[in-house]
Structures are given as structure tokens and as C-alpha cells.
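Below, each chain spelled out in residue letters.
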Amino acid sequence: MRVFSGIQATGEKHIGNYIGAMRNYVVTQDEGDAFFCIVDLHSITVDYDPQDLHDRTLDLAALLFAVGLDPERCTLFLQSHVPAHAEAAWLLSAVTGFGQLGRMTQFKEKGEGKEFVSAGLFTYPVLMAGDILLYQTDIVPVGDDQRQHIELARDVAERFNSRYGETFKIPRGVFPEVGARIMDLQEPTKKMSTTGGTAQGTVLVLDAPDVIRKKFKTAVTDSGRDVRYAPGEKPGVSNLIEILSVASGTPIPAIESSYDGRGYGDLKGDVGDAVVELFGPMQERYAELRADEGELRRLLHVGADKARETSAPTLEQIYERMGFVRP
Ligand code: TYM
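Fair warning: this is a prediction, and the values are worked out from it, not measured in the lab.

### Remarks on the overall build of the protein
Part 1 of the argument: A count of helices and strands for the protein gives twelve helices and five strands.
Part 2 of the argument: In terms of overall size, the protein behaves like a compact globule, its C-alpha atoms giving a radius of gyration of 21 Å where 327 residues would be expected to give roughly 20 Å.
Part 3 of the argument: For the C-alpha atoms alone, the extent of the protein along its principal axes is close to 70 × 45 × 40 Å.
Part 4 of the argument: Relative to its 327 residues, the protein shows a buried fraction of 51%.
Part 5 of the argument: Look at the contacts in the protein between residues 6 or more apart in sequence, and 75% of them connect residues 24 or more apart.

### Here we look at the domain arrangement of the protein
The extent of an interface is frequently quoted as the accessible surface area lost upon association of the parts.
Part 1 of the argument: Domain boundaries assigned for the protein yield domain 1 (2-179 + 292-321) and domain 2 (209-286).
Part 2 of the argument: Each of domain 1 and domain 2 has a C-alpha centre, and the two are 30 Å apart.
Part 3 of the argument: Taken together, the contact between domain 1 and domain 2 spans eleven residues of the former and twelve residues of the latter.
Part 4 of the argument: For the pair domain 1 and domain 2, the two sides together bury roughly 1000 Å², of which 78% comes from carbon and sulfur.
Part 5 of the argument: Its largest share of buried area at the contact with domain 2, domain 1 owes to Ile15, Ala66 and Val178, together 46% of the area lost on that side.
Part 6 of the argument: In this structure, the connection of domain 1 to domain 2 is made through zero salt bridges.
Part 7 of the argument: In this structure, the connection of domain 1 to domain 2 is made through three residue pairs in polar contact (both at pLDDT 80 or more).

### Notes on the environment of Phe160
Part 1 of the argument: Along the chain, Phe160 turns up in helix α7 (residues 147-164).
Part 2 of the argument: For the pair Phe160 and Gln317, spaced 157 residues apart in sequence, the C-alpha separation works out to 12 Å.
Part 3 of the argument: Setting aside chain neighbours within four positions, we find Phe160 in contact with Leu92, Val95, Gly165, Thr167, Phe168, Ile318, Arg321 and Met322.

### Details of unusual backbone geometry
Part 1 of the argument: A positive phi is found at Gln136, a non-glycine position, where the angle reads about 50°.
Part 2 of the argument: Looking at where Gln136 falls in the secondary structure, it is placed in the loop between α6 (119-133) and β4 (139-141).

### Some remarks on the site of the ligand
Part 1 of the argument: In the region of the ligand, 27 residues are neighbours, and Gln8, Tyr124, Asp131, Asp145 and Ile182 sit closest.
Part 2 of the argument: Asp145 places a polar side-chain atom, nitrogen or oxygen, 2.4 Å from an oxygen atom of the ligand.
Part 3 of the argument: A distance of 2.8 Å separates a nitrogen atom of the ligand from a polar backbone atom of Ile182.
Part 4 of the argument: About the coverage of the ligand: the protein hides 96% of its 720 Å² of free accessible area.
Part 5 of the argument: Elements represented by at least two residues in the shell around the ligand include exactly β1 (2-8), α1 (15-28) and α6.
Part 6 of the argument: Per-element tally for the shell around the ligand: the top contributor is β1, with five residues.

### Focus: empty space enclosed by the protein
Part 1 of the argument: Taken as a whole and judged by the stated rule, the model has one cavity of 30 Å³ or more.
Part 2 of the argument: Each pocket or cavity is described by its volume, and for the largest cavity that value is around 30 Å³.
Part 3 of the argument: The set of elements that each furnish at least two residues to the lining of the largest cavity consists of α5 (105-111) and α6.
Part 4 of the argument: In terms of residue count, the dominant contributor to the lining of the largest cavity is α6 (three residues).
Part 5 of the argument: A per-class count over the lining of the largest cavity returns four nonpolar, two polar and no charged.

### A closer look at the pairing of strand β2 (residues 33-39)
Part 1 of the argument: For β2, the tally of buried residues reaches six of seven residues, placing the bulk of the element in the interior.
Part 2 of the argument: Relative to β2, β1 runs parallel, the two being bridged by seven bridges. Bridge pairing in β2 places Phe4 opposite Phe35.
Part 3 of the argument: In the classification by handedness, the crossover that spans β1, the intervening α1 and the parallel β2 is right-handed.

### Comments concerning the environment of Phe279
Part 1 of the argument: By the element assignment, Phe279 lies in helix α11 (residues 264-291).
Part 2 of the argument: What makes Phe279 buried here is its relative accessible area of 0%.
Part 3 of the argument: Look past the residues within four positions of Phe279 in its chain and what remains in contact with it is Ile15, Tyr18, Leu204, Val205 and Ile212.

### Overview of the side chain of Gln146
Part 1 of the argument: Looking at the element boundaries, Gln146 is found in the loop between β4 and α7.
Part 2 of the argument: Look past the residues within four positions of Gln146 in its chain and what remains in contact with it is Gln106 and Met128.

Definitions and cut-offs
- Residues numbered from 1 in each chain as written.
- Predicted model: local features only at pLDDT ≥ 70, side-chain atom pairs only at ≥ 80, totals over all residues.
- Heavy atoms only, no water.
- Helix = DSSP H or I, 4+ residues; strand = E, 2+ residues; numbered from the N terminus.
- Rg over C-alpha atoms; globule rule 2.2 N^0.38 Å.
- Buried < 20%, exposed > 50% of the residue type's maximum accessible area, 1.4 Å probe, protein only.
- Contact = heavy atoms within 4.5 Å.
- Domains from an automatic or database assignment.
- Buried area = accessible area lost by both parts, 1.4 Å probe.
- Salt bridge = Lys/Arg side-chain N within 4 Å of Asp/Glu carboxyl O.
- Polar contact = N/O pair within 3.5 Å; in protein donor to acceptor, adjacent residues only side chain to side chain.
- Near = heavy atom within 4 Å.
- Areas by Shrake-Rupley, 256 points an atom, 1.4 Å probe, with all protein chains shown as cover.
- 1 Å grid on protein atoms, 1.4 Å probe; cavity = no way out; pocket = protein on both sides within 12 Å on 5 of 7 lines; lining within 4 Å.
- Points joined across faces, edges and corners; volume = space filled by probe spheres on them.
- Nonpolar A, V, L, I, M, F, W, Y, C, P; charged D, E, K, R; others polar.
- Pairing = 2+ DSSP bridges.
- Right-handed = clockwise from strand over helix to strand, strands pointing away.

Right under this line is the structure:
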């Protein structure tokens, strides 16, 4: 089984990225032949700083190894190291509907109120479809906010297959049962995000322990006192319960009953402690891995070789089926 997922190079990684995606990369690397891609080409579609892109790319590679990706068991690579991604994006734009791209909520959200909206932000999902389809992917572990993009990738694959002949596997998104959409701790009806959320409500994977505890302590909760999981009615508390469930490995009903007679204050303290405990060892490994840039670059080089080799036959098929004269 082929597994593929991508994660943006820029922006600091938060507990939503970890719970919604990164921890499932770690699990799926043992379920199939897994490819994980730091999507640096996607990162230039919004305002960004070149030096920041450069540094954050290496930070993220170190972080992904620190959370448990194993270069022996999966392939981690940079999107820009494999030119097939940029080529596939152009080729697949021929079978992507302009109307469908315009309906993407992420495009609308990220473009809203901006003086300059890049063409790349609009065509972004085509690049993502190419990422996935080039690897004949079966499953794509992602958070809930990527649902619409995965749907588009499936539509693109189906349109290509019916127009040019069977070429792509139709991929399936895999979303976590708990934590597919972690919410901002200050505004629990909004998704946690470093671009759209609040700083105080966004817990970074590399935040210091006291910062993590404080962010949870000051989390916005709901009216009432009982610790009960009800996302519609109690979004703040339910979000904290989901985070605690993942961080401590305790099912949600067991958490609810363990707070009988106790209030939100206890819950906030416990989530903070559980997350500090979860992130502590990762932060230590991160610091070690990040310090050895030569080794990081070597691992990414090995990953890119494997990714290039794996995607090449599909890219060639795309060109041939579409009628290009090949060299
Ligand atoms: P990105 O970089 O925004 O997010 C990386 C992963 O984190 C998940 N995620 C969340 N999960 C739960 N709660 C949240 N608050 C939260 N915020 C983010 C995302 O769902 C994602 O899985 N377009 C993609 C990157 C991409 C990609 C791909 C993914 C490019 N090509 C091919 C899969 C396959 C993105 O911007 O993710």
C-alpha cells in the first residue's frame, strides 16, 4: 500500500499539525510504503520571506524525524528536489476545472482581504493533486481541513483516466477519529492555525513547557461546569478533551467520567501537563537533529533520490498519454 502526505515548509508547527497529521505519518510508515513531502513549492503561494523558507524547511525536516519518522522505514523529501511535482502541476491543470478551484474554501480564506492574491494560491490544489497522484497513492493521512483538496485530487485523477486512459490510482483521504480538527484555544470555533488563529490560542510543538501550560490554563472554555464531550454545544471543553485523549492515550468517555465532580480548571491543568510530557522528548530529539545540518541534508538527498525514481514512471506515462513527443 502506498502512503503519501505533504506538509507546508513555512509557519511554525502546532499541536493541530501534530494531532491531525504528523502522528499519523508515524503510524502509517509501518502500514505501507510511505512518502512524506515537505511542500516548499506550496509555501511561496502566500507572502513569505526567502530566508525564512530556507531555515524553516530544515527545521521541519528535523522536527519530522524528531516526532518519529524513520529514514529506514519511510521516505522524507523536499518537493522542490523532485521536478516532477512542478511538471505534474502544469500537466494536470489541463484536467482541472477553473470553477472547482474557485470553490476551494482554503483559497477563499487565505485570499480574503489581501491586497495581492497570487495565481499560485488559486492553482495550489493542482500542485497538491500532482503530489499525490505521481506516487500512485492509496491513502493520504491528513487533517479535516484537507478534505476538499483530496476530493479535487480524486476528481482530477478520474477526469484524466477517462480522457486519456487508466493512469492514476484513485487516492483516499484518511482522517483521524479524534483530533481531525484541533481548534484555537482562544477561539474554539476556529481551526488552530498560525496564519488565521490567535498566538495565545496556538500551542506550538516547540513551545517551552511553561508556555504550553500557560496557553492551556488561559484557554477559553464554555458556560457550565461539567467536563463533557459535546463539540457543538461545548467547543472549548470538547477541544481540550480531544487533545487530552490523544496526549494521554485515554478514550474520551474515560476522560469524561474521570472528571466527575471536578471542573474546567483541573482539566486545563491536566491537558497542559500531558502535552508537556508528550512534546518534551520530541523537543530534545529535535535540538540534536537540527544541530547536524549536514546529516539532515544527506537524509533529504537520499529521500529525493527515492522519490524521483518512484514518481518518474508515472510522470512519463502522463506525458505519453497526453500525446507529447518524448526525447
Ligand atoms: P498544512 O501544511 O497546512 O498542514 C499539514 C497537516 O496538518 C493538518 N492540520 C490540522 N489537523 C488538525 N487540526 C488542525 N487545526 C490542523 N491544521 C493543520 C492538515 O490537515 C495537514 O494534514 N495542502 C496541505 C499540504 C499538502 C499535502 C499535499 C497534503 C501539499 N500537498 C499532498 C497531503 C497530500 C497543507 O497546506 O497542509
